[in-house]
Structures are given as C-alpha cells and as structure tokens.
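Listed here are the chains, written in short residue letters.
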Amino acid sequence: MNLSPKAVRFVVEALDYYVQNQDQRLRRAGASDDQLADWENDRQFIEAVKQDCLDQMTPQLEDAHVEA
C-alpha cells in the first residue's frame, strides 16, 4: 500500500496517541502480569508499525525533493 506523506503523518500521529494512551493504561491499571505483558507486546508492535510508516515516508520525501 502506498500512502502519501500526509497520510503517513496522520497514521504516525494516531499511533503516537495510541501509544500514549496505552502507557497511561499501563501506569494506572491494576492488571495481572499476563495483561501487562500483552499490553507491552501491543505497544512494541505499534512502535514497529510506526517505524515502518516512517521508513516508507522517507524515500517519498527524498523523491519529492527537487534541487535547484
């Protein structure tokens, strides 16, 4: 799937918000060790997806760069 740089920025911002939300849940949750482990795994997955999006955006921005 090819997303525009603007779309990737929106996805990255949404993932950042989701990670922040997960972090807040982890801090205040009276969760079991299994639940905490699941949430931490989800957080790591989200971070990996975010990095994939950023990696996709970088070549697009480089291709769009026009030198004078």
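No experiment lies behind these values; they were computed from the predicted model shown. (Residues numbered from 1 in each chain as written. Predicted model: local features only at pLDDT ≥ 70, side-chain atom pairs only at ≥ 80, totals over all residues. Heavy atoms only, no water.)

(A) Spatial organisation of a negative patch on the surface. On the surface, Asp33, Asp34, Asp38 and Asp42 cluster together into a negatively charged patch. If you trace the backbone, aspartate 42 turns up in helix H2 (residues 33-64). Residue classification places aspartate 42 among the partly exposed positions, given a relative accessible area of 36%. (Patch = residues over 30% accessible without salt bridge, like charges linked within 9 Å, V, L, I, M, F, W, Y side chains within 5 Å. Areas by Shrake-Rupley, 256 points an atom, 1.4 Å probe, with all protein chains shown as cover. Salt bridge = Lys/Arg side-chain N within 4 Å of Asp/Glu carboxyl O. Lys, Arg positive; Asp, Glu negative; His and termini not counted. Charge placed at Lys NZ, Arg CZ, Asp CG, Glu CD. Helix = DSSP H or I, 4+ residues; strand = E, 2+ residues; numbered from the N terminus. Buried < 20%, exposed > 50% of the residue type's maximum accessible area, 1.4 Å probe, protein only.)

(B) Structural context of the pattern of salt bridges. Here the structure, examined in full by the defined rule, presents three salt bridges. Close ionic contact of aspartate 16 with lysine 50 constitutes a salt bridge, the shortest N to O distance being 2.6 Å. Of the two residues, aspartate 16 sits in helix H1 (residues 5-28) while lysine 50 sits in helix H2, which places them 34 residues apart along the sequence. Owing to a relative accessible area of 25%, aspartate 16 belongs among the partly exposed residues under this scheme. A relative accessible area of 17% means that lysine 50 is categorised as buried. Close ionic contact of arginine 43 with aspartate 23 constitutes a salt bridge, the shortest N to O distance being 2.5 Å. Of the two residues, arginine 43 sits in helix H2 while aspartate 23 sits in helix H1, which places them 20 residues apart along the sequence. Take arginine 43: its relative accessible area is 22%, and that puts it in the partly exposed class. In this structure, a network of salt bridges that share partners links the residues Asp23, Arg43 and Glu47.

Taken by themselves, the reported measurements are silent on function.
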